[in-house]
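Here is what each chain is made of, one letter per residue.
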Amino acid sequence: MNIHEKYIKRCIELAQNGLGTTYPNPMVGSVVVHEEKIIGEGWHQKAGEPHAEVNAINSVKDKSLLKKATIYVSLEPCSHFGKTPPCSDLIIEKEIRKVVIGTMDPFAKVAGRGIKKLMDAGCEVNVGILEKECLELNKRFFTFHKKHRPYIILKWAQTQDGFIAPTERDEKRPVWITNKYSGILVHKWRSEEAAILVGTSTAIQDNPSLNVRKWTGNDPVRIVIDKDLKIPKNYALLDGNIKTIVLYNSTENPIEKENLIFRKFDFTENIAEQVCNMLYENETQAVIIEGGTQTIQQFIDANLWDEARIFKGKSSFSTGVAAPILIGKLVSEKMISSDQLKIYKND
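Everything quoted here is computed from the prediction, not taken from an experiment. (Residues numbered from 1 in each chain as written. Predicted model: local features only at pLDDT ≥ 70, side-chain atom pairs only at ≥ 80, totals over all residues. Heavy atoms only, no water.)

**Student:** Could you give an account of the overall build of the chain, with specific residues and numbers?
**Tutor:** Of the regular secondary structure elements, the chain holds ten helices and 16 strands. Here the C-alpha atoms of the chain give a radius of gyration of 23 Å, agreeing with the 20 Å that 2.2 N^0.38 yields for 347 residues. If one aligns the C-alpha atoms of the chain with their principal axes, the spans along those axes are about 70 × 45 × 30 Å. Taken over 347 residues, the chain has a buried fraction of 52%. Positive and negative side-chain charges of the chain, numbering 47 and 44 respectively, have mean locations separated by a distance of 3 Å. (Helix = DSSP H or I, 4+ residues; strand = E, 2+ residues; numbered from the N terminus. Rg over C-alpha atoms; globule rule 2.2 N^0.38 Å. Buried < 20%, exposed > 50% of the residue type's maximum accessible area, 1.4 Å probe, protein only. Lys, Arg positive; Asp, Glu negative; His and termini not counted. Charge placed at Lys NZ, Arg CZ, Asp CG, Glu CD.)

What follows is the structure, encoded as structure tokens:
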């Protein structure tokens, strides 16, 4: 690992502190280096608050060193006025002459303009350091701006014999296939994403809350597919505690209330595509599809998925609801106590 990679790696580590809090902005980290020593560092913490470069520069105690320093940043410094002033202007103002950037910003208002502004001001700019890692860091942001849809994460748990639910159950609540540690991890994941979606069967059979009660963080927007409005009105998904969007197509005219929105969909058309279009219009950059099999399979069949997180518990059902069928590239595999977790990417 060369010297530039070392400091961009640190930028990525810093940026990850903003996972789940910077939306709709990307996660960005920055360090200021003088004579191979970090003299300032920072990351973007929340939309509307200072960007990573600002926090890094402000953390430098001896500002006279800035003129002799190099600033590293995981993503191209912005060049436009949004909720905060352009970071490229600040770098120029502080007379930092060397800038090292992980990757360009695909956002239309930046997209190379920040780099050009820095170079026009006489800065020495180096771009594309640990670019693959920087792209992975902001996979949600890049997918949204390049593909005009959210980053889609499929998630399910299955038994050793390949079922996600038993044929019959005694009451309307989830049948746990995984252990409590996997359950906590799932709630952590929810806190990191903007939205979460389930289908009618899962909503009725499990009566899920889809919140982050086992973790600290923001609840995702809940989305439920309920074509004929079958979900009982006293169920958790309709309680109005968290913003929830119900996708339906019924002659009934449901009554909206605070945090409960109804959107009419055409169920003769591709549901997965319509969900993606709706979420893009709502500027939602990522969604977890949690079930059940029919709902998840619709996204797989439409090739509208980016990542699949699949747990395998130690139990077996013999019969039941079969798990979705997916072909993807296995990128990681680990044990969560007694559970096996495999993560796939869509090539």
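**Student:** Explain the environment of G240 to me, and be specific about the residues and the numbers.
**Tutor:** With respect to the secondary-structure elements, G240 resides in the loop between β9 (221-225) and β10 (244-248). Its relative accessible area of 16% is what places G240 among the buried residues. It is 38 Å that separates the C-alpha atoms of G240 and L330, two residues lying 90 residues apart in sequence. Residue contacts for G240: discarding those within four places in its chain leaves R222, E258 and N259. (Contact = heavy atoms within 4.5 Å.)

**Student:** Provide a residue-level description of the sheet that holds strand β2 (residues 37-43), including the pertinent values.
**Tutor:** If you trace the five strands from one edge of the open sheet to the other, you get β2-β1-β3-β4-β5, paired in mixed fashion. At either margin of the open sheet sits one strand with a lone partner, and together these are β2 and β5 (124-127). Adjacent strand axes in the sheet meet at a mean angle of 15° when their direction is disregarded. Sheet topology places strand β3 (residues 70-75) next to strand β4 (residues 98-103); five bridges connect them, and they run parallel. From the neighbouring strand, V73 faces β4, where its bridge partner is I101. Across the sheet, helix α1 (residues 3-15) touches β1 (29-34), β2, β3, β4 and β5, and the angle it forms with β1 is around 140°. (Pairing = 2+ DSSP bridges. Axes fitted to C-alpha atoms, helices over the stretch in contact; angles between N-to-C directions.)

**Student:** Please provide a residue-by-residue account of unusual backbone geometry, values included.
**Tutor:** For the peptide bond that leads from Y23 to P24, omega is 5°, which places it in the cis range. Along the polypeptide, P24 turns up in the loop between α1 and β1. A cis geometry characterises the amide bond from G291 onward to G292, with omega recorded as 0°. Unlike most non-glycine residues, E95 shows phi in positive territory, near 60°. Structurally, the position occupied by E95 is in the loop between α3 (87-93) and β4. The exposure class of E95 is partly exposed, given its relative accessible area of 33%. The backbone of N259 shows a phi angle near 70°, a positive value even though the residue is not glycine.

**Student:** Describe helix α7 (residues 180-192), and please don't skip the residues or the numbers.
**Tutor:** The end-to-end C-alpha distance of α7 is 19 Å, a good match for the 18 Å that 13 residues give at a rise of 1.5 Å each. Considered for burial, the residues of α7 that qualify are S182, G183, L185, V186, H187, W189, R190, S191 and E192. Among the residues of α7, the N-terminal cap falls to N179, whose side-chain oxygen and the backbone nitrogen of Y181 are separated by 2.9 Å. (Expected span 1.5 Å × (residues − 1). Polar contact = N/O pair within 3.5 Å; in protein donor to acceptor, adjacent residues only side chain to side chain.)

**Student:** Run through the sheet that holds strand β16 (residues 339-345), naming residues and quoting values.
**Tutor:** The strand order across the open sheet formed by nine strands is β11-β10-β9-β8-β12-β6-β13-β16-β15, and the pairing between neighbours is mixed. Every other strand in the sheet has two partners, leaving β11 (260-264) and β15 (329-336) as the edge strands with one partner each. Here the strands of the sheet are splayed against their neighbours by 20° on average, with no regard to which way each runs. Note: strand β6 (residues 151-158) against strand β12 (residues 286-291), four bridges, orientation parallel. What sits directly across from L154, in β12, is I289. On top of the sheet, α7 reaches β6, β8 (195-198), β12, β13 (307-312), β15 and β16; it is set at about 165° to β13, its chief contact.

**Student:** If you had to explain the packing of aromatic side chains to someone new, which residues and values would you point to?
**Tutor:** Enumeration according to the criterion identifies five aromatic pairs in this entry. Consider the rings of F144 and Y280, whose centres lie 4.7 Å apart with planes at 40°: the pair is tilted. Placement of the pair is F144 in helix α6 (residues 139-147) and Y280 in helix α9 (residues 271-281), with a sequence separation of 136 residues. Residue classification places Y280 among the partly exposed positions, given a relative accessible area of 29%. Between the NZ or CZ atom of K214 and the centre of the ring of W176, over which it lies, the distance is 5.2 Å. The positively charged end of R309 is found above the aromatic ring belonging to W189, 4.6 Å away from the centroid. (Phe/Tyr/Trp six-rings, centres within 6.5 Å; stacked < 30°, edge-to-face > 60°. Lys NZ or Arg CZ within 6 Å of the ring centre and 35° of its normal.)

**Student:** Break down the pattern of salt bridges for me, citing the residues and quoting the values.
**Tutor:** Two side chains carrying opposite charge are able to pair once their charged atoms lie near each other. Taken as a whole and assessed by the stated rule, the structure comprises 17 salt bridges. Where K9 meets E13, a salt bridge forms, and the shortest distance between an N and an O atom there is 2.9 Å. Remark: E13 and K9 occur in helix α1; sequence separation between them is four residues, near one turn of the helix. What makes K9 partly exposed here is its relative accessible area of 38%. Classification of E13 by relative accessible area gives partly exposed; the value is 34%. Across the pair K139 and E136 runs a salt bridge, and its minimum N-O distance is 3.2 Å. On the accessibility criterion, K139 (13% relative accessible area) is buried. (Salt bridge = Lys/Arg side-chain N within 4 Å of Asp/Glu carboxyl O.)

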